[in-house]
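The primary structure of each chain is shown beneath.
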Amino acid sequence: MSNLTTEEKIYLVECFFSRGKVYSNAYRGFRTKYGTHKVKSENTLKRLEFIISLNVCVTSLHFLAINLNHVKFKNYQKWDTLYIQLVLRKCVTRLLDNWEVLKHYFHLENIENKNNSAITIFNILNDNKIKAYMLFLKYSLHFFNEFNALFQGRKVLIYKLSESSEHFIKQIGCNFLLPAALKNLSLEIINPQYFLDVNLIYTGPECESFLQLESSKIVLEIKSTCLSFYTTALEEMLQRLPYNDKILRQCKFLDSSVALREESRLNFPDLKDIAKHFQISDITALAHE
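Residues numbered from 1 in each chain as written. Predicted model: local features only at pLDDT ≥ 70, side-chain atom pairs only at ≥ 80, totals over all residues. Heavy atoms only, no water.

The protein is annotated in an unreviewed UniProt entry as DUF4817 domain-containing protein from Ooceraea biroi.

Written out as structure tokens, the structure reads:
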């Protein structure tokens, strides 16, 4: 691979991603432009792909180390929401799956090449607090992804928005709030008097198991940081999501199982509140429709 120029390496990678991530197709595309003498096997491309994947992991790890270990989620609301929901959890999961392999790789890189960046990353990977935060993110971001995915399809689901928002809020809230606080959702529940004891805050099954091996001081620090994440996230959700929108809850007639079935339409309650909201005066015509 060392005989390739930077331009050739970039073109080889472009061939790989533009041709369905199939090694043979990328290899064939590269040979068409540069000939067969440059790349003699698909192993060159596989090594390049490994380097790309490694760079993605390292970039994500640096991002997590900075945000999790230093700002402690205080700037959560400033992060790019779509990035967090759709990309970060995948990076977290991939890093956790390859945690020990990455530690070994960067340890060898430091010994063999005296790479300062490698030792920095190796030290991050050896920080149990970072791994605990990663396990926590793997658990908590699942709920964000699940809620986001619900509305990524082509089906009309506006009638589910209010109920799904309430369910989403309670999924997050039950990890750190007293059960009684979740009965009446409002911004008032973001109050320490409704919080569980810090040691009782739930951070997910894997994180909880991992924390059993840590000192009480470390556990307290990590759970306090996770509490900061939960409270900031829940506050944003309560401000933005229509969890108590009565009109949306009455839009179940948009459900195809209701709208397209005669028996369901006969049993459906009247639409007076919706008519009033949209200033429709002819209730009789609306009921007939």
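**A short note on the packing of helix α7 (residues 128–150) against helix α10 (residues 216–240)**
Definition in use: Structural elements are reduced to axes, namely lines fitted to C-alpha atoms, with helices fitted over the stretch in contact, and the angle between N-to-C directions of any two is expressed from 0 to 180 degrees. Secondary structure counts use DSSP, requiring at least four H or I residues in a row for a helix and at least two E residues in a row for a strand, with both numbered from the N terminus. When describing relative orientation, an angle under 35 degrees is termed roughly parallel and one over 145 degrees roughly antiparallel, while 65 to 115 degrees is termed roughly perpendicular and anything else oblique. Here is the rule for handedness: rotate from the far helix to the near one, and if that takes an anticlockwise turn smaller than a right angle the crossing is left-handed, while a clockwise turn gives right-handed. Pairs of residues are marked as contacts when any of their non-hydrogen atoms sit within 4.5 Å.
Orientation of α7 relative to α10, taken along the N-to-C sense of each, is 25 degrees, at an axis distance of 11 Å. Compared by their axis directions, α7 and α10 come out roughly parallel. Like other packed secondary-structure pairs, α7 and α10 cross with a definite hand, here right-handed. Together, K129, A132, Y133, F136, L137, Y139, S140, L141 and F144 of α7 and I218, E221, I222, T225, C226, F229, Y230, A233 and M237 of α10 make up the contact between the two elements.

**Quick notes on the side chain of T225**
We apply this condition: Each polar contact in these results corresponds to two N or O atoms within 3.5 Å; when the atoms are within protein, one needs to be able to donate a hydrogen and the other to accept it, and residues that are neighboring in sequence are counted only if both atoms are side-chain atoms.
With respect to the element layout, T225 can be found in helix α10. Among the polar contacts listed, one links the side chain of T225 to the backbone oxygen of E221, at a separation of 3.0 Å.

**Digging into the packing of helix α8 (residues 161–173) against α10**
As a reminder of what qualifies: Three residue categories are used. Nonpolar comprises Ala, Val, Leu, Ile, Met, Phe, Trp, Tyr, Cys and Pro, charged comprises Asp, Glu, Lys and Arg, and polar comprises the others, including Gly.
Relative to each other, α8 and α10 sit at 165 degrees, their axes nearing to 10 Å. The orientation of α8 with respect to α10, classified from their angle, is roughly antiparallel. As for how α8 packs across α10, the hand of that crossing is left-handed. Two secondary-structure elements touch here, α8 through F168, I169, I172 and G173 and α10 through Y230, L234, M237 and L238. Here the residues of the contact of α8 with α10 are counted per class, giving seven nonpolar, one polar and no charged.

**Considerations on α8**
Selection rule: The span expected for a helix works out to 1.5 Å for each residue beyond the first. Each residue is assigned to one of three classes by its accessible area relative to the maximum for its type, calculated with a 1.4 Å probe on protein chains only: buried under 20%, partly exposed between the two thresholds, exposed over 50%.
Over its 13 residues, α8 runs 18 Å from end to end, which matches the ideal 18 Å to within 8%, given 1.5 Å per residue. Among all positions in α8, only S162, S164, S165, F168, I169, Q171, I172 and G173 are buried. In this fold, the buried residues of α8 make contact with α7, α10 and α11 (246–249).

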